[in-house]
Amino acid sequence: MATKPGILTEWPWARLGNFKYLLLAPFVGHSIYSFIMSKDESQRDISYIFILPYLLSRMIHNQIWTSLSRYRTAKGNNRILDKSIEFDQVDRETNWDDQIILNGVVFYIAYLKFQQTHHLPLWRTDGIIITALMHIGPVEFLYYWLHRAFHHHFLYSRYHSHHHSSIVTEPITSVIHPFAEIVAYLTLFLIPMTTTLFTGTASIASLGAYTTYIDFMNYMGHCNFELIPKWMFSMFPPLKYLMYTPTFHSLHHTQFRTNYSLFVPMYDHLYGTVDKSLDTLYEKSLERKAELPDVVHLTHLTTPESIYHLRLGFASLASRPHASKWYILLMWPVTLWSFFITWIYGQTFVVERNLFRNIKLQTWAILKYRKQYFMQGQRDTINNLIEEAIMEADQKGIKVLSLGLLNQEEQLNNNGELYIRKNPQLKVKVVDGSSLVVAVVLNSIPKGTSQVVLRGRLSKVSCSIALVLCQRGIQVIMLDEEEYKRLKARLTPEAATNLVQSKTYLPKIWLVDDGLSEDEQLKAPKGTLYIPFSQFPPRKVRKNCFYFNTPAMLTPKHLENNWLPRRVMSAWRIAGILHALEGWNEHECGDMMLDIEKAWKASLDHGFRPLKMTSAA
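Residues numbered from 1 in each chain as written. Predicted model: local features only at pLDDT ≥ 70, side-chain atom pairs only at ≥ 80, totals over all residues. Heavy atoms only, no water.

Description of the overall build of the chain
- Of regular secondary structure, the chain possesses 27 helices and 15 strands.
- Dimensions of the chain along its principal axes, counting C-alpha atoms only, are 95 × 60 × 50 Å.
- Burial status across the chain gives 55% buried among its 617 residues.
- Of all intrachain contacts in the chain linking residues separated by at least 6 positions in sequence, the fraction that spans at least 24 positions is 71%.
- Carbon together with sulfur atoms contributes 61% to the accessible area of the chain, which is approximately 28,300 Å² in total.
- One finds the centroid of the 64 positive side-chain charges in the chain at a distance of 4 Å from the centroid of its 53 negative side-chain charges. (Helix = DSSP H or I, 4+ residues; strand = E, 2+ residues; numbered from the N terminus. Buried < 20%, exposed > 50% of the residue type's maximum accessible area, 1.4 Å probe, protein only. Contact = heavy atoms within 4.5 Å. Areas by Shrake-Rupley, 256 points an atom, 1.4 Å probe, with all protein chains shown as cover. Lys, Arg positive; Asp, Glu negative; His and termini not counted. Charge placed at Lys NZ, Arg CZ, Asp CG, Glu CD.)

Below, the structure written as structure tokens:
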């Protein structure tokens, strides 16, 4: 929101939420009906039916630029600004589709009101030329002065400050403006289109290409990485007056009083408002190499829909990994296609970057879904992908690689020990994070607890939790007799005295993994607190019980660009960061565990804080 919101700042349909798309429904329905029901072939107007696919193509165009920009800025090569993008910007930019809806309403109404929009030809060369000339002339000139007017303190505080709240830009930043400002810009862009329409030179190509050009240049200028090669300006020097670069517009967002032009910098050169540091920053951005992080967290996809929740995915879902939207159901063909692609093709790619003081962090993801980790035919492939990622990190001089989610599954690679055995010369430290996970679970148990139920697979983590609790004199109750016998064999005789097998008397503190069934949950007394110790939480089936988070902590404010749920980070990932910060010089994988108290103290010393339980199921 602008600092002093003016008239028509808010979008008219802001309160409709996702129901705003219903504004287009009558027009879409009428266009389809008219096209199908026209008995005479000559009466079927492709211009009318073309509006819907055109609007959809604009959304796809936006998503391509968003994914590309986030991927490139995460890798670091050619990145312009290093500052992070915070959640207030993410939330502010979720209405990027409003201007597409507005365009759709304008185009549909124009078609219904003006005969000149009917039965347009696919191509007319004169219309293309007129559109180009009208844009370079009136549109760019008027935009330059309108933009400068929006930087006057009166209009800036009421409108344009909303856009400039985003110092570090993304492609979607380009269309984040108050309603009145978008209307002003749309009026300018309609000049070439209405000129060709009323001179009879318009075509589907000229109208579609012009709006696509506007989107392309808008998204490119806000992408925060430089992609225009220097040789283009060397071969044709006047090009620098006719086409801006991402660096050109990035400077406008950091300096505010320079580089006002839309896409054609000619007017900034004419009126002396080109930023003096443009050439230096442009060349510096072009020369910038991919970033070498200190710590890498290796994760993977979870559900088939998780591909949309990646930071490279949908902007509205990237900062809310557990949110679900109705339109995800409509994406099932793409979702199914992506699943088959991961089946035959696996790869590791950079998902995001973070900065913790001077420690550079990256998250890499393996292009495999959770279900594939439990398929025998996929195990060798997945292990090879994990090993390749570890070897790549080692060759690049990365200090620590932490294994996230199922990449450190005991049955898959014995908590990462497989890779250390095969490559004893590794310099990168491989961390499964077990010590911190155990510490987080232990510190999630309410003080004064004397009994707990331990339910789940016997793993490195669950056995360590049971050992510590028994040593502290807390009674650990097992429901399954076989699991009880196996765990008792792992404990010292002194600790084993606090291990009990029972199916009748059950306390209200349960330590569980993701395999907890509905029947088992129903055995728990009312008010039971479930504390997960696995990477995935159990399914919530009780409304009269409480469910804690999977092992995680709140991150300190100086951690930049954290895209997990509102500054919450998994304990497995934090463990890798602590390993680098503390300079610990050993692996933590296989049966190896660090001192639990040392890991907990280190997390608190570096600003991480325990999570609090906020709600019941």
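Things to note about the side chain of Gln-372
- With respect to the helices and strands, Gln-372 occurs in the loop between strand 3 (359-366) and helix 18 (376-395).
- Within the local environment of Gln-372, its side chain forms a polar contact with the side chain of Thr-342, the two groups lying 3.3 Å apart.
- Beyond its immediate chain neighbours, meaning those up to four positions away, Gln-372 contacts Phe-339, Thr-342, Trp-343, Gln-378 and Ile-382. (Polar contact = N/O pair within 3.5 Å; in protein donor to acceptor, adjacent residues only side chain to side chain.)

Considerations on the sheet that holds strand 5 (residues 429-431)
- What the six strands build is an open sheet, ordered 5-4-1-3-2-13; its pairing is mixed. Looking at strand neighbours, the two that pair on one side only are strand 5 and strand 13 (559-560), the edges of this open sheet.
- Direction of pairing for strand 1 (residues 295-300) relative to strand 4 (residues 400-403): parallel, over a ladder of four bridges. Opposite Val-296, over in strand 4, you have Leu-401 as the bridge partner.
- Sheet contacts for helix 3 (residues 51-75): strand 2 (348-356) and strand 3; angle to strand 2, the most-contacted strand, approximately 60 degrees.
- Across the sheet, helix 26 (residues 571-582) touches strand 1, strand 2, strand 3, strand 4 and strand 5, and the angle it forms with strand 4 is around 165 degrees. (Pairing = 2+ DSSP bridges. Axes fitted to C-alpha atoms, helices over the stretch in contact; angles between N-to-C directions.)

What about the pattern of salt bridges?
- Per the counting criterion, the structure on display carries 24 salt bridges.
- Measuring nitrogen to oxygen at the nearest pair gives 2.7 Å for the salt bridge that ties Arg-288 to Asp-82. Linking Arg-288 in the loop between helix 14 (278-287) and strand 1 with Asp-82 in the loop between helix 3 and helix 4 (87-92), this pair joins segments that are 206 residues apart in sequence.
- Among the residues examined, Arg-288 registers a relative accessible area of 26% and is labelled partly exposed.
- We note a salt bridge from Arg-457 to Glu-409, for which the minimum N-O separation is 3.6 Å. Here Glu-409 lies in the loop between strand 4 and helix 19 (410-413) and Arg-457 lies in the loop between strand 6 (451-455) and helix 22 (460-471), a separation of 48 residues in the sequence.
- With relative accessibility at 8%, the residue Glu-409 sits in the buried group. (Salt bridge = Lys/Arg side-chain N within 4 Å of Asp/Glu carboxyl O.)

Some details on the sheet that holds strand 11 (residues 546-547)
- With respect to topology, six strands assemble into an open sheet ordered 8-7-6-9-10-11, the strand pairing being parallel. The outermost strands of the open sheet, each flanked by one partner alone, are strand 8 (499-501) and strand 11.
- One ladder, built from three bridges, connects strand 6 with strand 9 (residues 509-512); its direction is parallel. Looking at strand 9, one finds that Arg-455 is bridged to Val-512.
- Contacts between helix 23 (residues 481-490) and the sheet are confined to strand 6, strand 7 (475-478) and strand 8, with strand 8 contributing the most and set at about 160 degrees to the helix.

As for the packing of aromatic side chains
- Tallying each qualifying case throughout the model produces 24 aromatic pairs.
- Residues Phe-114 and Phe-198 carry aromatic rings whose centres are separated by 5.8 Å and whose planes lie at 85 degrees to one another, so their mutual orientation is edge-to-face. Of this pair, Phe-114 sits in the loop between helix 5 (98-113) and helix 6 (125-150) while Phe-198 is found in helix 8 (residues 179-198), placing the two residues 84 residues apart along the sequence.
- Clustering of aromatic rings is evident, with ring pairs tying together Phe-27, Tyr-48, Tyr-108 and Tyr-111.
- Here the guanidinium or amino end of Arg-44 rests over the ring plane of Phe-35, the centre of that ring lying 5.6 Å away.
- Across from the ring centre of Phe-536, 3.8 Å away, lies the NZ or CZ of Arg-370, which sits over that ring. (Phe/Tyr/Trp six-rings, centres within 6.5 Å; stacked < 30°, edge-to-face > 60°. Lys NZ or Arg CZ within 6 Å of the ring centre and 35° of its normal.)

Remember, this is a structural readout, not a statement about activity or role.
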